[in-house]
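# Analysis of the macromolecular model
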Amino acid sequence: MARTQGSHSGITGPKIRAAALRLFAECGYAAVSMRQIASEVGVQAGALYNYTPDKQALLFSLMKGHMDDLLGARAERQVEGSPEAQLRDFVDFHIRFHLQRPDEVFIAYMELRNLSPENFEKIEKLRRAYEDELEAIIQAGVRAGAFVVPDAKIATLAVIAMLTGVTTWYRPGGRLSEDEVSEIYCQMVRKSLGG
């Protein structure tokens, strides 16, 4: 559907995404209606369909946007050097990126079950691309004798789950700074990989 001249799509579209993100994170995707999202934004429910075909498309858009941002930011921050240096950089990146986006992270993990099979497959492909980088670092570390793990794929999934969990408890202004949290996680991850 074409937008009319003078419409506020550049303002309303982002407001719809922000409202959906907050509501999905607070209440869960299944419990949120398009009417609730419209009410948050201050538009009629029917107007939402000028911006998104349906609630599923909105959820997919939020998840894909998160993964695109993650992969894009990671591509800009590549570190050469030993597997240990690459691991430290990956952990630090993951912690810092995710601490700034707790709602996006919550949705990206907790609402996977609500994606259609086609949308799930697309998001899983993006997630695998990110996981593959860490797995390659771990495999390189195993080959170099720096890490000792029985299965690099399982180690990868365990590390990512541990790192992502920081968003469930960390609060800015708390006992530990972001720098301190990153350093502690770097040490824990390194120890978990043996060597």
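As the structure is a prediction and not an experimental result, all values here were calculated from the model.

### Details of the nonpolar core
Judged by nonpolar contacts, the single largest core of 54 residues is most densely connected at Phe24, Ile37, Leu87, Val91, Ile95, Leu163 and Leu193. Taken domain by domain, this core gets at least three of its residues from each of domain 1 (1-52) and domain 2 (55-193). Residues contacting Val91, with those up to four places away along its chain left out, are Leu163, Ser182, Tyr185, Cys186 and Val189.

### Topic: the domain arrangement of the chain
In terms of domain boundaries, the chain breaks down into domain 1 (1-52) and domain 2 (55-193). For domain 1 versus domain 2, the distance between C-alpha centres works out to 29 Å. Every contact between the two is made by 14 residues of domain 1 and, on the other side, 13 residues of domain 2. Looking only at domain 1, the three residues that lose the most surface to domain 2 are Arg17, Leu21 and Tyr29, adding up to 50% of its buried area. Summed over the shared surface of domain 1 and domain 2, the number is 5 residue pairs in polar contact (both at pLDDT 80 or more).

### Describing the pattern of salt bridges
Pairing between side chains becomes possible if they bear opposite charge and their charged atoms approach one another. The tally for this structure, following the rule as stated, stands at 15 salt bridges. For Glu118, the salt bridge identified is with Lys122, shortest N-O distance 3.2 Å. Separated by 4 residues within a single helix, Glu118 and Lys122 lie in helix α6 (residues 117-143), roughly one turn from each other. Here the salt bridges share partners, and the residues they tie into one network are Arg74, Arg77, Asp89, Asp92, Arg96, Glu133, Glu178 and Asp179.

### Quick notes on the packing of helix α3 (residues 55-75) against helix α5 (residues 102-110)
Where α3 meets α5, the closest approach of the two axes is 10 Å, and the angle between their N-to-C directions is 115 degrees. With respect to α5, the axis of α3 lies roughly perpendicular. When the axes of α3 and α5 are compared, the crossing they make is left-handed. Together, Leu59, Met63 and His66 of α3 and Glu104, Val105, Ile107 and Ala108 of α5 make up the contact between the two elements.

### Overview of the packing of aromatic side chains
Inspection of the entire model under this criterion finds 4 aromatic pairs. Note on Phe24 and Tyr29: the rings are 5.2 Å apart at their centroids and 70 degrees apart in plane angle, and the pair reads as edge-to-face. Each member of the pair Phe24 and Tyr29 is classed as buried. Taking NZ or CZ as reference, Lys55 lies 4.3 Å from the ring centre of Tyr29, over its face. The ring of Phe97 carries Arg101 above its face, with NZ or CZ at 3.6 Å from the centroid.

What counts and what doesn't
Residues numbered from 1 in each chain as written. Predicted model: local features only at pLDDT ≥ 70, side-chain atom pairs only at ≥ 80, totals over all residues. Heavy atoms only, no water. Core = buried A, V, L, I, M, F, W, Y, C linked by side-chain atoms within 4.5 Å. Buried < 20%, exposed > 50% of the residue type's maximum accessible area, 1.4 Å probe, protein only. Domains from an automatic or database assignment. Contact = heavy atoms within 4.5 Å. Buried area = accessible area lost by both parts, 1.4 Å probe. Polar contact = N/O pair within 3.5 Å; in protein donor to acceptor, adjacent residues only side chain to side chain. Salt bridge = Lys/Arg side-chain N within 4 Å of Asp/Glu carboxyl O. Helix = DSSP H or I, 4+ residues; strand = E, 2+ residues; numbered from the N terminus. Axes fitted to C-alpha atoms, helices over the stretch in contact; angles between N-to-C directions. Parallel < 35°, antiparallel > 145°, perpendicular 65-115°, else oblique. Left-handed = near helix turned anticlockwise from the far one by under 90°. Phe/Tyr/Trp six-rings, centres within 6.5 Å; stacked < 30°, edge-to-face > 60°. Lys NZ or Arg CZ within 6 Å of the ring centre and 35° of its normal.

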